[in-house]
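# Geometric and topological summary
Below are the chains, spelled out letter by letter.
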4 protein chains.
Amino acid sequence: MLIVMEKTATPEEINNVVTSIEEKGYTARPIPGGDRVSIGILHNKGPVDGSLFSGLAGVKDVVRVTRPYKLVSREFKMEDTIIKLGDVSIGNGHLTIIAGPCAVESEIQALTIAEHVKKAGASIFRGGAFKPRTSPYSFQGLGEEGLKILAKVRETTGMPVVTEVMDDATFDLVEEYTDIIQIGTRNMQNFSLLRRAGGSDKPILLKRGMAATIDEWLMAAEYILERGNGQVILCERGVRTFVHHSRNTLDLSAVPVILKESHLPIIIDPSHAAGRRDQVIPLSRAAAAVDAHGLMVEVHHEPEKALCDGSQSLYPEQFQELCDQVRSIFNIYNA
Amino acid sequence: MLIVMEKTATPEEINNVVTSIEEKGYTARPIPGGDRVSIGILHNKGPVDGSLFSGLAGVKDVVRVTRPYKLVSREFKMEDTIIKLGDVSIGNGHLTIIAGPCAVESEIQALTIAEHVKKAGASIFRGGAFKPRTSPYSFQGLGEEGLKILAKVRETTGMPVVTEVMDDATFDLVEEYTDIIQIGTRNMQNFSLLRRAGGSDKPILLKRGMAATIDEWLMAAEYILERGNGQVILCERGVRTFVHHSRNTLDLSAVPVILKESHLPIIIDPSHAAGRRDQVIPLSRAAAAVDAHGLMVEVHHEPEKALCDGSQSLYPEQFQELCDQVRSIFNIYNA
Amino acid sequence: MLIVMEKTATPEEINNVVTSIEEKGYTARPIPGGDRVSIGILHNKGPVDGSLFSGLAGVKDVVRVTRPYKLVSREFKMEDTIIKLGDVSIGNGHLTIIAGPCAVESEIQALTIAEHVKKAGASIFRGGAFKPRTSPYSFQGLGEEGLKILAKVRETTGMPVVTEVMDDATFDLVEEYTDIIQIGTRNMQNFSLLRRAGGSDKPILLKRGMAATIDEWLMAAEYILERGNGQVILCERGVRTFVHHSRNTLDLSAVPVILKESHLPIIIDPSHAAGRRDQVIPLSRAAAAVDAHGLMVEVHHEPEKALCDGSQSLYPEQFQELCDQVRSIFNIYNA
Amino acid sequence: MLIVMEKTATPEEINNVVTSIEEKGYTARPIPGGDRVSIGILHNKGPVDGSLFSGLAGVKDVVRVTRPYKLVSREFKMEDTIIKLGDVSIGNGHLTIIAGPCAVESEIQALTIAEHVKKAGASIFRGGAFKPRTSPYSFQGLGEEGLKILAKVRETTGMPVVTEVMDDATFDLVEEYTDIIQIGTRNMQNFSLLRRAGGSDKPILLKRGMAATIDEWLMAAEYILERGNGQVILCERGVRTFVHHSRNTLDLSAVPVILKESHLPIIIDPSHAAGRRDQVIPLSRAAAAVDAHGLMVEVHHEPEKALCDGSQSLYPEQFQELCDQVRSIFNIYNA
């Protein structure tokens, strides 16, 4: 942490900042510059809260020098985290494809789609039982019935399943049925939910908030690791920008940043990024090309009848095409 | 809802869209244009989910014509909602000032600040007992002890209090102690929490999400009203943009839009918008000038020692200045 | 400037950075921290280009400590710049209102509107003769004929006039006719135009780019001052964000920042920020309340027939209301 | 165009809108809906300016149905535009790599880098002679001397060259020396420059503005085509968002949108998108994977000594790696 003083800061103001730093147990080191003084903060164990100093008299800026996260960082743990579910692995060296409908609508719907996506190359099935919807009047998911259908899909196809948990009240229920627990973009900073996830022994798929920085996202993961669950899969799904030709703007530069900063696996959700079927395949290829560890894709055999997100769901034959194409890209260096 | 077809759409594709609309119980009305056909959807009760049609063959665009919200809209209820807590009112014709520290730190801290802000002109006291923090290593609030201190503040000063609720698990507890229940920006789309708030008989202060559109914000309020609680106060607190000279960009145009679209009161939080003390007073004056119904401001008697958000907290004498200035602006037309 | 090294940086990498700094004529000062080394750059006259160092081996981050601008800064010139045009002043202590149509359409149109706005309280007339339009098929302005009409307005009403210059080729012409030369948002970083403006002896009204930071905006002004023209008026007109209930998001926090960082006057354009008539008056009041030095407002006596921006132009009676209201706010502290 | 009326709009207001539409020469078609009336505008040749109607009494919204551009659209010209420079082609079926330094610094620097990039697989050389710089105190380029060096590079290596033009005054000069004329992101809506480019017989490389929508970008290209120059290459270079782990956020979804909407070629500039060397290679692979027609990459043999953008310039051996990788991806379907 570096405290930059105003050019006009008085010696008293500088001393006051030094005192304030030392009162909090840190070491202050004034650094006289060309025309102003900066003050470094040393010997802090863990991150310092810069806002403690930014309002003091004579302070122009507070500059953070180190990252605020710890357990999720590659500096803390060098080797990549690989999540394993039976034969399926998620992490470095793999391109794991998760696919299924936005929402589980019926057993026949789920099983039909599951057969399609398994055949095409997916190794994990997704489907929503509890759905976060902007409108209270939209379809909210089948709830426990949906979870039972997911269990049936696993039993029938052998694929592990992932589904979203929306609150503490239904966490135990969701945890009981699913193999991977998804925390959605709107809940990325639902800290109670993160702490509960940290107490689970199942892997957590943590979506990036729609306006979250990488630091905030990794700090959300830090909440989970800090409670003891090291099995976190990060999922980039686009951020909100001024752009409106896609629902969100997929931030693929997040992948090299996460690969450098953290040991956790990162996958891409092109369906929610695009919000439109015709961008899903090209964005999936791009995800494979930046070395993401996997994809989560919405697929429906009758998207025009889907109860949610039909317009971004691929037809099964499109999903087959997607799998073939991303596999070809992955195989260039990993075959 | 208007479905715009491609120039090259075939009669079969147009018929297919018409059929798809009518299968869902609506009326389809094709509208031949200069060089393409559009299809209007009529006789829908409540909003239509456009994504049901956007993926059909030959469809170029789906255009939403009406707003998705209902109970919160001024079209549904013409007269302004005024929230009353004893002598204090929030809504049209009032400029209600809520003030206090970011977090309740001790009884002496809370009471000291409460005396200051009451004297300066605040009529409601704020203070966090459960704090949502980006880092698991930051101060998380005093919890129930903090709530008890808030009750003591009310008892001592006569001011109603507002504090944030973070999850379902602590909702009953928070509800028991506080007069107004705050739902924070990170929980704006925590739908379980919104539903629970809809079952409360206490007013809900609903902060706008940091990247939420007005529609999404009003739909979050709709969740609360739909469960039976009509006492919702909207709070604009800045949105996330590329700008970094303030923590967020205060979106004051939201005020005239909300005043036009909804009957609910809207207040401004300049402290979280700015994130820096020196912008809080000018932004507060601006809030009064656009006819917001109130302000929520962070104040601390010793901000350099505050356990959170010290850099944006006003000194008591600055808060006095703020109250005097915004009152003068309000009085121009309301005295 | 502070160079933050990786935790794992080797002594060789640190030495290499030190050498690289010193080769460029600066002084390097290594600062050992808790778990990594940072290197300060001292004795630089003027700003340092951080990108020179950010790619060196072992460098984690480059942190800018000081501002990149000089002549526009308040550190360089403490007293406020006041622009004077006859009896009209723009700057600290004044609330100067500029008003007129988006485009000059005819002499009768311009004179009619000028009479209206002068009577209501405007002291400077605006009107476009050369119009930057997104589409080559839209009305592009009357050109020199428009400039002659502006001169007629000045002659008839006594008001100074402001109009936009779009390129070097027409700069002399525009400069000859107008009192203030406007550089539009799309040209904020048209450096040739900025340099040419720096050679003019007329004041320059410099609009903020639609995605410009404060630093970039002040650096654009620096181009003008650096060439010898110190009469620059900054104009905030909203920035582009994800929000779509207004055309842009008016960034009022820019005002206190500019007032602190620079000696130049700053005014607000609520018309282009809002893009909708019904937000213009409240945003104008807010601008007065944050102590902006003026307003630039679009007014038309027949906006439904206007050749551009009709939907954001005020009717004359609305503009009268606007002037009365902002004057009342200004008078609270300045009467 | 669709005009949506308020629920409460009176028959007079509806008639007034109809009259206003017909006065402008269009046909108005009222469409009674469930609880409000909409009015379609028909028989317009070319786009309608919606702002002409959005301010009329009783109007709630104006909804644009068709795209505003014409000559650049695929509806106007179905077959892909391919730009040819001798043996080099840019457009569908090709992956053309442009590479070179940010700025031409000397003949030896340019020739050294040119040999490197040619050998690695680039077919066009880039280098700035006139540099747009945020600061007037930064290196502004070698000017005509730089252009002469570019001509020498072409003569020596046989590669066509591309360089940026900044203003009308130097357009003839730049046009004389270069093979492709670049218009930079800050000049995307410099309409004088676009018109001048429309009169050139050389291809124009048009970068997307840092906050431009696809529509605005294509309309900028429309300015060039409308003046007679059909050889435009679009270049996506990232947009400005709240994200700060990369300098801009590369918007790869722009590629499928442009491929669908327009016949013009589109290439990607990963260097300016990332602003950091370590993201350039993965983003380049992603660009190839979404079927962009080419890349423009900054390369320097001594980036730590580069006069601009050194931190995002690749070392020659990294560029070799980049070429090999993107070629492998391209070859999957195009070999």
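Residues numbered from 1 in each chain as written. Chains lettered and ligands numbered in written order. Predicted model: local features only at pLDDT ≥ 70, side-chain atom pairs only at ≥ 80, totals over all residues.

## A short note on the overall build of chain A
A tally of helices and strands in chain A yields ten helices and 14 strands. Taking all 335 residues of chain A together, the buried fraction comes to 59%. A separation of at least 24 residues holds for 64% of the contacts in chain A among residues at least 6 apart in sequence. (Helix = DSSP H or I, 4+ residues; strand = E, 2+ residues; numbered from the N terminus. Buried ≥ 20, exposed ≤ 12 C-beta atoms within 10 Å, placed from the backbone. Contact = placed C-beta atoms within 7 Å.)

## Here's the deal with the relation of the copies chain A and chain D
Least-squares fitting of chain A to chain D yields an RMSD of 0.1 Å, with the transformation described by 0.0 Å of translation along the axis and a rotation of 180°. The symmetry that links the two subunits is that of a two-fold axis. Within chain A, the C-alpha atom positioned nearest to the axis of rotation is that of A286 of chain A, 2.0 Å from it. Residue by residue, 97% of the interface of chain A is reproduced at the interface of chain D, so both copies engage with the same surface. (Least-squares fit on C-alpha atoms with pLDDT ≥ 70 in both.)

## Considering the interface of chain A and chain D
On the chain D side, the residues contacting the 33 residues of chain A number 32 residues. Here the side of chain A that touches chain D takes eight residues from helix 9 (residues 277-289) of chain A, the largest share from any one element. By residue class, the composition of the side of chain A that touches chain D is 19 nonpolar, nine polar and five charged. (Nonpolar A, V, L, I, M, F, W, Y, C, P; charged D, E, K, R; others polar.)

## A few points about the environment of A122 of chain D
Residues and elements named next belong to chain D. With respect to the element layout, A122 can be found in the loop between helix 2 (107-120) and strand 8 (124-126). Take A122: there are 26 C-beta atoms within 10 Å of it, and that puts it in the buried class. On a C-alpha basis, the gap between A122 and I98 in space is 5.6 Å, while along the polypeptide they are 24 residues apart. Aside from chain neighbours lying at most four places away, what touches A122 is I97, I98, A99 and V117.

## With respect to the sheet that holds strand 13 (residues 266-268) of chain A
Residues and elements named next belong to chain A. Spatially, 7-8-9-10-11-12-13-14 is the arrangement adopted by the eight strands of the closed barrel, whose pairing is parallel. Ignoring strand direction, the axes of neighbouring strands in this sheet form an average angle of 25°. Pairing of strand 8 (residues 124-126) with strand 9 (residues 161-164) involves two bridges; the strand directions are parallel. Within strand 9, the position partnered with R126 by the bridge is V162. Seen against the sheet, helix 2 (residues 107-120) touches strand 7 (96-100) and strand 8 and runs at an angle of roughly 155° to strand 7. (Pairing = 2+ DSSP bridges. Axes fitted to C-alpha atoms, helices over the stretch in contact; angles between N-to-C directions.)

## Side note on the packing of helix 9 of chain A against helix 7 (residues 254-261) of chain D
Contact geometry of helix 9 of chain A with helix 7 of chain D gives a least axis separation of 9 Å together with a crossing angle of 125°. As summarised for this structure, helix 9 of chain A and helix 7 of chain D are arranged oblique, according to the angle between their axes. As helix 9 of chain A packs across helix 7 of chain D, the resulting crossing turns out to be right-handed. Of helix 7 of chain D, the residues touching helix 9 of chain A (which contributes D278, Q279 and P282 of chain A) are V255, P256 and K260 of chain D. Residues of the contact of helix 9 of chain A with helix 7 of chain D, tallied by class, amount to three nonpolar, one polar and two charged. (Parallel < 35°, antiparallel > 145°, perpendicular 65-115°, else oblique. Left-handed = near helix turned anticlockwise from the far one by under 90°.)

## Comments concerning unusual backbone geometry
All names here are of chain A. Here D309, not a glycine, exhibits a phi torsion of approximately 55°, which is positive. Relative to the assigned elements, D309 resides in the loop between strand 14 (294-298) and helix 10 (316-334). Residue classification places D309 among the buried positions, given that 22 C-beta atoms sit within 10 Å.

## Quick look at the packing of helix 9 (residues 277-289) of chain C against helix 10 (residues 316-334) of chain C
Residues and elements named next belong to chain C. Close contact between helix 9 and helix 10 brings their axes to 9 Å; oriented N to C, the two are set at 25°. When the interaxial angle is binned, helix 9 and helix 10 end up roughly parallel. Seen along the crossing, helix 9 lies across helix 10 with a hand that is right-handed. Contacts from I281, S284, R285, A288 and A289 in helix 9 reach Q318, E321, L322, Q325, V326, I329 and F330 in helix 10. Each residue belonging to the contact of helix 9 with helix 10 can be placed in one class, and the counts come to seven nonpolar, three polar and two charged.

## Section: the environment of V174 of chain C
In this structure, V174 of chain C sits in helix 4 (residues 171-177). Between the C-alpha atoms of V174 of chain C and Y26 of chain C, which are 148 residues apart in sequence, the distance is 44 Å.

## Details of the pairing of strand 1 (residues 2-5) of chain A
All names here are of chain A. Both faces of strand 1 are covered, namely the face carrying L2 and V4 and the face carrying I3 and M5. The pairing of strand 1 with strand 4 (residues 59-63) spans four bridges and is antiparallel. Residue pairing across strands places I3 opposite V62, the latter belonging to strand 4.

## What about the confidence of the model for chain A?
Overall, the predicted model of chain A reaches an average pLDDT of 92, with 96% of residues at or above 70. Predicted as a complex, the structure gets a pTM of 0.89 and an ipTM equal to 0.87. (pLDDT = per-residue confidence, 0-100.)

## Regarding the pairing of strand 1 (residues 2-5) of chain D
Here strand 1 of chain D pairs with strand 3 (residues 37-42) of chain D via three bridges, running antiparallel. For V4 of chain D, the partnering residue across the bridge sits in strand 3 of chain D and is S38 of chain D.

## Observations concerning helix 6 (residues 214-226) of chain C
Residues and elements named next belong to chain C. Here helix 6 spans 18 Å end to end across 13 residues, near enough to the 18 Å set by a 1.5 Å rise per residue. I214, W217, L218, M219, A220, A221, E222, Y223, I224 and L225 are the residues of helix 6 that are buried. Against helix 5 (191-198), strand 11 (204-207), strand 12 (232-236) and helix 7 (254-261) lie the buried residues of helix 6. Once helix 6 finishes, G228 follows within two positions and takes phi at roughly 115°, a positive value. (Expected span 1.5 Å × (residues − 1).)

## Remarks on helix 5 (residues 191-198) of chain D
Residues and elements named next belong to chain D. Across the eight residues of helix 5, seven count as buried, placing the element largely inside the fold. Those residues of helix 5 lying buried are F191, S192, L193, L194, R196, A197 and G198. Where helix 5 is buried, its residues touch helix 4 (171-177), strand 10 (180-183), strand 11 (204-207) and helix 6 (214-226).

## Observations concerning the environment of E145 of chain D
Tracing the sequence through the fold places E145 of chain D in helix 3 (residues 144-157). Look at E145 of chain D and you get exposed, because 12 C-beta atoms sit within 10 Å.

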